[in-house]
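Tertiary structure, described
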Amino acid sequence: MTVIGLDDTDSRERGMCTTYLATRIADRVRDARGDVERLLLVRLNPAVKHKTRGNAALAIHTDLDPVPAFELAREELETTAETGDPDTNPGLVVAPHEPEDIPDEISEFARLAVQNLLTREEAERRIESAGYRSAGWKNARGKIGALAAVGSWNAFSEWTYEHISYRESERWGTPRDVDFDSVFEAADDHYPAIWDTVDRGTGEAVCMPHTPCPILYGIRGDDPDAVRRVAAKIEGEPVVRTALFVTNQGTDAHLRDANLGEAEDDRAYRVGGIVASEPETRRGGHVFFTLSEGSDTKSKSESESSDTLPCAAFEPTKRFRDHVRNLRPGDEITVCGEVSRGTLKLEKFAIRSLNATELVTPNCPKCSQSMKSAGAGQGYRCRECKTRADGKREREIDRELESGWYEVPPEARRHIAKPLVRGGFDGRTHPER
Ligand code: ATP
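Please read these numbers as outputs of a predicted model, since none were measured by experiment. (Residues numbered from 1 in each chain as written. Predicted model: local features only at pLDDT ≥ 70, side-chain atom pairs only at ≥ 80, totals over all residues. Heavy atoms only, no water.)

1. So, helix 3 (residues 104-115)
Over its twelve residues, helix 3 extends 17 Å from the first C-alpha to the last, a length consistent with the 16 Å expected when each residue adds 1.5 Å. Three or more residues of helix 3 are buried, namely Ile106, Ser107, Phe109, Ala110, Ala113 and Val114. For helix 3, the angular spread of buried residues about the axis comes to 150 degrees, placing them on one side. Of the surrounding secondary structure, the elements contacted by the buried residues of helix 3 are strand 2 (36-43), helix 4 (120-130) and helix 5 (142-155). (Helix = DSSP H or I, 4+ residues; strand = E, 2+ residues; numbered from the N terminus. Expected span 1.5 Å × (residues − 1). Buried < 20%, exposed > 50% of the residue type's maximum accessible area, 1.4 Å probe, protein only. Arc of directions from axis to C-beta. Contact = heavy atoms within 4.5 Å.)

In structure tokens:
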């Protein structure tokens, strides 16, 4: 068996798409009488700055010998990759193994590529020590993703599916002609086996990209048959090519559990804490609040108990911001998202316990009028009735939020983030659809 890994072949302005290139390589493998067992679409660390869009890397699992596999993949990259774009730096790595037999060092590299920042030098070192064939174009940064794609089959245990339909090349860069009603109908028929096809809140067909790339639409889900069936029901311009990818999309593979004080830039976390400031909507509609160490986390490390982490729900997360605005200081929550310039960009959060009381001036037990301050530190009194109270009293308040997980809408979802409807969360869920 052979694993072909490739990455960094496309351009934001000029188009192309590494998934498309992988399907062309798969065609050539079949032409050379090889069997293609599987196409793998892996999303790597979404915080990588030089990504084109969703930081995807691709692998092809085949029984074609590694030498012809490398040659035909190299030719295909040479002719099809958008190397005219200064930011496109393709990489190709070919491993002569069963995908299951990839050495630990390479699988570890794949795991790191999803949760960390890596260098091309580190990729080169591991490629060399594993004895893999590889090729790079320009600065060859794509070798990082290509090697991660090679190592990913053993690195992750949770997989989902995406069925991609591609456009005629003459139409690339032109508006996509797809019947929206057929998209919404098909999405409704198969939800929740398929997810993030549409956003019912905004009426957007999330499955259709807005870029000049060859993709017409991609249907994501847990069931390979369901994603195929939905794709087949969508009406629109001609589809010239389709492919089913096994992916780590919708799995939260990028998140790592951490304490609040451990969060570093360009990595993504799942971290617990207490809301420490009133959420504030700033210019542009972005909502910010500060999270501080929770009482349970404090005991782990007293020295870190003063740590705080600013959290933000940015404008594109739309209606999710209403849930964030409904948070109150004192709420105990878990937040998930990438940390960038010291701020966690919220993808989802869970309410662990709501602060459902507030302190108010007491009322007189005789006349029910609001009592007045009796002076600094002297509590409250009612001048008419001469009653006294030691301090403010607690009053229950109604909260809009309930316990459990809240998430951004499908339109704002990162490819790798797990939609709540997929289940497996430690609490109730309030899925967006
Ligand atoms: P497409 O998926 O459409 O090809 P993209 O959004 O995946 O585009 P790329 O053009 O592939 O973006 O650019 C991402 C670059 O970042 C690649 O060169 C890849 O090798 C590199 N890369 C991926 N993961 C990491 C990482 N964890 N650390 C450093 N570099 C990374």
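2. Thoughts on the domain arrangement of the protein
The domain architecture assigned to the protein consists of domain 1 (2-155), domain 2 (160-247), domain 3 (255-356 + 398-430) and domain 4 (357-396). With eleven residues of domain 1 at the interface, the matching set in domain 3 holds eight residues. Together, the buried faces of domain 1 and domain 3 total about 940 Å²; carbon and sulfur atoms form 50% of this surface. It is Arg43, Pro46 and Gln115 in domain 1 that bury the most area against domain 3; as a group they hold 48% of the surface buried on that side. The shortest N-O distance in the salt bridge between Lys49 and Asp266 comes to 2.7 Å. When the residues that make up the side of domain 1 that touches domain 3 are grouped by side-chain class, the tally is four nonpolar, four polar and three charged. (Domains from an automatic or database assignment. Buried area = accessible area lost by both parts, 1.4 Å probe. Salt bridge = Lys/Arg side-chain N within 4 Å of Asp/Glu carboxyl O. Nonpolar A, V, L, I, M, F, W, Y, C, P; charged D, E, K, R; others polar.)

3. Observations regarding a positive patch on the surface
Side chains of Lys372, Arg381, Arg383, Lys386 and Arg388 sit close together on the surface and give a patch of like positive charge. Residue placement: Arg383 occurs in the loop between strand 19 (380-381) and strand 20 (388-389). Owing to a relative accessible area of 52%, Arg383 belongs among the exposed residues under this scheme. (Patch = residues over 30% accessible without salt bridge, like charges linked within 9 Å, V, L, I, M, F, W, Y side chains within 5 Å. Areas by Shrake-Rupley, 256 points an atom, 1.4 Å probe, with all protein chains shown as cover. Lys, Arg positive; Asp, Glu negative; His and termini not counted. Charge placed at Lys NZ, Arg CZ, Asp CG, Glu CD.)

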